[in-house]
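Coordinate inspection notes
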Amino acid sequence: MDYYNPLDLAKFGDIGKNAPEAANKFFAYYGEVFAEGALTEREKALIALAVAHAVHCPYCIDAYTNTCLEKGSNADEMTEAVHVAAAISGGATLVHGVQMRNILDKKTL
Amino acid sequence: MSEATFAETLAAHGLALLKAKADCLQVNVGSLCNLSCGHCHLEARPGRTEVMDRATMDEVLALARRAPFASVDVTGGAPELNPDIAHLLLGLGPCAPRRIFRTNLLALEGRDDLLGLLADGGWGIGASLPAVNAAQVEGVRGAGVFQRSLEMLRVLNARGYGQGPGQGGRLELHLVSNPGGAFLPPAQGPATRAFRQALGRQGIAFDSLFVFANVPLGRFRSWLERSGNLEAYLGLLRQRFNPEVVCGLMCRSICSVGWDGRVYDCDFNQAAGLPCLTAEGETLHVRDGHGPEQGAAILVGEHCFACTAGSGFT
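Presented here is an overview of the structure given in this document. (Residues numbered from 1 in each chain as written. Chains lettered and ligands numbered in written order. Predicted model: local features only at pLDDT ≥ 70, side-chain atom pairs only at ≥ 80, totals over all residues. Heavy atoms only, no water.)

What to know about the overall build of chain A
Here is the rule we go by: A run of H or I in DSSP becomes a helix once it reaches four residues, and a run of E becomes a strand once it reaches two; helices and strands are each numbered from the N terminus. C-alpha atoms define the radius of gyration in this analysis, and the globule rule sets the expected value at 2.2 Å times the number of residues to the power 0.38. Buried means the residue's accessible area, taken with a 1.4 Å probe over protein chains only, is under 20% of the maximum for its type, while exposed means over 50%, and partly exposed covers the values in between. Contacts: residue pairs with any heavy atoms within 4.5 Å of one another. For the area figures, the Shrake-Rupley method with a 1.4 Å probe applies, and any residue is considered shielded solely by the protein chains shown. Only four residue types enter the charge count, namely Lys and Arg as positive and Asp and Glu as negative; His and the chain termini do not. A charge is said to be at NZ when it belongs to Lys, at CZ for Arg, at CG for Asp and at CD for Glu.
Looking only at helices and strands, chain A features five helices and zero strands. Mapped in sequence order, the helices and strands of chain A form the string α-α-α-α-α. The C-alpha atoms of chain A give 19 Å as radius of gyration, which overshoots the globular expectation for 109 residues (13 Å, by more than 25%). Along the first, second and third principal axes, the C-alpha atoms of chain A reach 60 × 40 × 35 Å. For chain A, the proportion of its 109 residues judged to be buried stands at 17%. Restricting the contact set of chain A to residue pairs at least 6 apart, pairs at least 24 apart contribute 47%. Total accessible area on chain A is roughly 8100 Å²; 64% of this is exposed by carbon and sulfur atoms. Taken together, the 9 basic and 14 acidic charged side chains of chain A have centroids lying 12 Å from each other.

Laid out in C-alpha cells, this is it:
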C-alpha cells in the first residue's frame, strides 16, 4: 500500500465519515478562508503553495500547484513562493541556534 | 464503468444543444499559419495548404449579403497569410455592423497595407496572447514571440486600437488568452486585472480580455497524449461541467464556415470534423445560400466539455 497515493486527494471529503459535524465546520471554514477578501484568491493560493511545501504535504503541493496555475500564477511566482517557504523554514532552524548559544554560553567556560 | 458522453451529460441535466438564430458569421480562411502553437486545435502551421480560395470567398460574401449577420469574425490559421484576404475583408465590411479580425499579432508584422484596410474599415482586432509572462507565452508559441507580440500591440495602439472612441469611431482591441498547459484558465475578472496591470506597465492598452480553456483537439490533444495529461485533463473538464453556461454557448449562434466552404456550428467542430446539419440531417455548404437552421441539433463530442467547464465559452 502506498502511503501517498495521488488518487487519495479526491477522497479528502471522506474524513467527515465518522465526524461529520467537525468536518463540515472545517470545510466551511476552509472555503471561507480561500474566498476573495483583502487578499485575492490568486494570492491566497500562492501562500497555500508555500505553506504546503513548508509542511511537506504532497497532497497540498499537488492541489495548490494546480490551483495557482488556474488562478493565473506563473512558474516564476510559484517558485518564489517556495523560496519564501524555504527561507522561513531555514530561518526557523537557524534562529533556534540562539537557544543553543544561550546554553553554550551558560555551560562553557 | 465508462464516463458519460457530452450528449449523455446534457441529457442528465435535462438540456439539449439546439441552434438559435445564427447572428455571427465566422469565416476560417485556412489553417496556414506562421506559428505552430502548442494549444492549436486546428494544427495550423507553416506549410499547410488548406486555404480558402477567392471563389469560396465570393460564396461567403453572397451568403453575408443575403442573410445579414450582426457580426462577422475572420479567423485562421493566420488569416493574414491568405493571399485574397483583402478581397474578403473589403467585401464583408459593409455586411455586418460588428467586424472582428483574429490575429496572432506576429502575422501582422510588416503588413501596413492590411492594417490600414482593417482600421479604415472599422474592423476590431481579436489578438491572441496566452499570458503576460514571456516564459508562458513562448512555451505555447515559440521562442522570441513575447516581445514581438508586445511590439505589435504598441503598433495597434498607435493606430488607435484599444484607445477608446476616436476619430472615425472606436477601434476595438480584444485579447484572447488560453492557458499554457493542461489546466483551466483563471476567471475573466482577475485575469483582466492582471493583464491590464502587466501590459499597462508596458504602455499597452486594450479593451477586453477573453479567457478560454484549451480544447482537447488537434495539436493540443496530441500533446496531452504524449505528456500523459489526457485522462486527467478530460476528467477536469467533466468535473467542472457547468449546466448554466449551455444556453449561452457560442456554437448556438455561430455560422462557422471552413476554408472549403463547409459549414459548421463552431471552429472546434470544424477541427473535429463534425458538420453543421439541417433539421433533415443534411450537411450544409456556404454555396447553399443559407446559414444553420434555427432549432437544428448541434453535433457534440468529448471536446465540448472544454466549452462548458467553469464559466464556459460563450
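The rest of the description comes next.
Considering the pairing of strand β7 (residues 173-177) of chain B
Residue and element names in this part refer to chain B. Note the cut-off: Strand pairing is assigned whenever DSSP detects at least two bridges linking the two strands. Classification remark: right-handed applies to a crossover when, strands pointing away from the viewer, the course from the first strand over the helix to the second runs clockwise.
Of all five residues making up β7, five are buried, and the element is well covered by its neighbours. Neither face of β7 is open: one carries L173, L175 and S177, the other H174 and V176, and all of them are buried. Across four bridges, the pairing between strand β4 (residues 124-128) and β7 is parallel. Considered in β7, the bridge of S128 is made with V176. The sheet contact formed by β7 and strand β8 (residues 208-211) spans four bridges and is parallel. Within β8, the position partnered with V176 by the bridge is F210. Regarding topology, helix α7 (residues 188-201) serves as the crossover connection from β7 to the parallel β8, and that connection is right-handed.

Regarding the environment of B:D265
Residue and element names in this part refer to chain B. Operational definition: Distance and chemistry together define a polar contact, namely a pair of N or O atoms within 3.5 Å, with one atom able to donate a hydrogen and the other to accept it when in protein, and with adjacent residues in sequence counting only for side-chain atoms on both sides.
Looking at the secondary structure, you find D265 in the loop between β10 (263-264) and α10 (267-272). Looking at D265, the relative accessible area reads 2%, which means it is buried. Linking D265 and E8, residues 257 residues apart in sequence, is a C-alpha distance of 19 Å. When residues no more than four places from it in sequence are discounted, the contact partners of D265 are K19, C251, I254, S256, P275, C276, P292, I298 and L299. For D265, the side chain forms a polar contact with the side chain of K19, separated by 2.8 Å.

Comments concerning the side chain of B:N82
Residue and element names in this part refer to chain B. One can find N82 in the loop between β2 (71-75) and α3 (85-92). Among the polar contacts made by the side chain of N82, one reaches the main-chain carbonyl oxygen of M52 at a distance of 2.9 Å. Separated by 2.8 Å, the side chain of N82 and the backbone nitrogen of D84 make a polar contact. Setting aside anything within four residues of it in sequence, one finds N82 in contact with V29, V51, M52 and M57.

Here's the deal with the state of the cysteines
Our working definition: Whenever a pair of cysteine sulfur atoms sits within 2.5 Å, that pair is classed as a disulfide.
If you walk through the whole model with that rule in mind, you get one disulfide over all chains. Two residues share a disulfide in this structure: A:C57 and A:C60, whose sulfurs sit 2.4 Å from each other. Its S-S torsion of about 70° marks the bond between A:C57 and A:C60 as right-handed, since a negative value means left-handed. Its relative accessible area of 15% is what places A:C57 among the buried residues. Overall, the relative accessible area of 27% leaves A:C60 in the partly exposed class. Not engaged in a disulfide, the cysteine B:C251 finds its nearest cysteine sulfur in B:C266; these two sulfurs lie 5.6 Å apart. Given a relative accessible area of 9%, B:C251 falls into the buried group. Cysteine B:C276 shares no disulfide, and the gap to the nearest cysteine sulfur, in B:C255, comes to 7.0 Å.

With respect to the nonpolar core
Residue and element names in this part refer to chain B. This is how the line gets drawn: Residue types Ala, Val, Leu, Ile, Met, Phe, Trp, Tyr and Cys, when buried and joined through side-chain atoms within 4.5 Å, form a set referred to as a nonpolar core.
Counting 66 residues, the largest nonpolar core has L25, L88, L92 and L156 as the members making the most contacts within it. Sorting elements by how many residues they give to this core places helix α6 (residues 145-158) first, with six residues. Among all residues touching L92, those that are not within four sequence positions of it are L25, V27, V60, L61, A64, V72, V74 and W123.

Considerations on the pattern of salt bridges
Residues and elements named next belong to chain B. Here is the rule we go by: Counted as salt bridges are all cases of a side-chain nitrogen of Lys or Arg within 4 Å of a carboxyl oxygen of Asp or Glu.
Counting across every chain of the model gives 20 salt bridges over all chains. Its salt-bridge partner being R221, residue E302 comes within 3.2 Å of it at the nearest N-O pair. A residue pair is termed long-range when its members are at least 10 positions apart, and E302 in the segment after α10 and R221 in helix α8 (residues 218-226) qualify at 81 residues. Given a relative accessible area of 31%, E302 falls into the partly exposed group. Several salt bridges share partner residues, and in doing so they unite R221, E225, R238 and E302 into one network.

Overview of the interface of chain A and chain B
Operational definition: Accessible surface is computed with a 1.4 Å probe, and the buried area is the amount of it that two parts give up when combined, taken over both parts together. Residues are grouped as follows: Ala, Val, Leu, Ile, Met, Phe, Trp, Tyr, Cys and Pro are nonpolar; Asp, Glu, Lys and Arg are charged; all remaining types, including Gly, are polar.
Each side of the interface is counted separately: chain A has eight residues, and chain B has nine residues. Between chain A and chain B, a total of about 680 Å² is buried, with carbon and sulfur atoms accounting for 46% of that surface. Counting every contact that joins chain A to chain B gives two salt bridges. With its nearest N and O atoms 3.0 Å apart, the salt bridge here joins B:R240 to A:E70. The interface formed by chain A and chain B includes two residue pairs in polar contact (both at pLDDT 80 or more). When the residues that make up the side of chain A that touches chain B are grouped by side-chain class, the tally is one nonpolar, three polar and four charged.

Thoughts on the sheet that holds β2(B)
Residue and element names in this part refer to chain B. How we decide: A fitted line through C-alpha atoms serves as each axis, taken over the contacting stretch for helices, and the angle formed by two N-to-C directions is quoted from 0 to 180°.
In spatial order, the strands read β8-β7-β4-β3-β2-β1-β9-β10; together these eight strands make up an open sheet with mixed pairing. The sheet is open, and its two edges are formed by β8 and β10, each paired on a single side. Running at roughly 130° to β8, α7 makes contact with β7 and β8 of the sheet.

Side note on the packing of helix α5 (residues 134-141) of chain B against α6(B)
Residues and elements named next belong to chain B. We count it as follows: For classification purposes, angles smaller than 35 degrees are called roughly parallel, those larger than 145 roughly antiparallel, those between 65 and 115 roughly perpendicular, and all remaining angles oblique.
Contact geometry for α5 and α6: axes closest at 8 Å, N-to-C directions at 105°. With respect to their mutual orientation, α5 and α6 come out roughly perpendicular. Contacts between α5 and α6 involve A134, V137, E138 and R141 from the first element and V145, F146 and Q147 from the second. Each residue belonging to the contact of α5 with α6 can be placed in one class, and the counts come to four nonpolar, one polar and two charged.

Digging into a nonpolar patch on the surface
Using the following cut-off: The residues that make up patches have over 30% relative accessible area and no salt bridge, and they are joined within 9 Å when like-charged or within 5 Å when they are Val, Leu, Ile, Met, Phe, Trp or Tyr.
Among the surface-exposed residues, A:F12, A:I15, A:F26, A:Y29 and A:V33 lie close enough to one another that they form a single nonpolar patch of about 500 Å² accessible area. Counting through the fold element by element, A:F12 comes out in the segment before α1 (20-34).

All quantities given are derived from atomic positions and should not be read as evidence of function.
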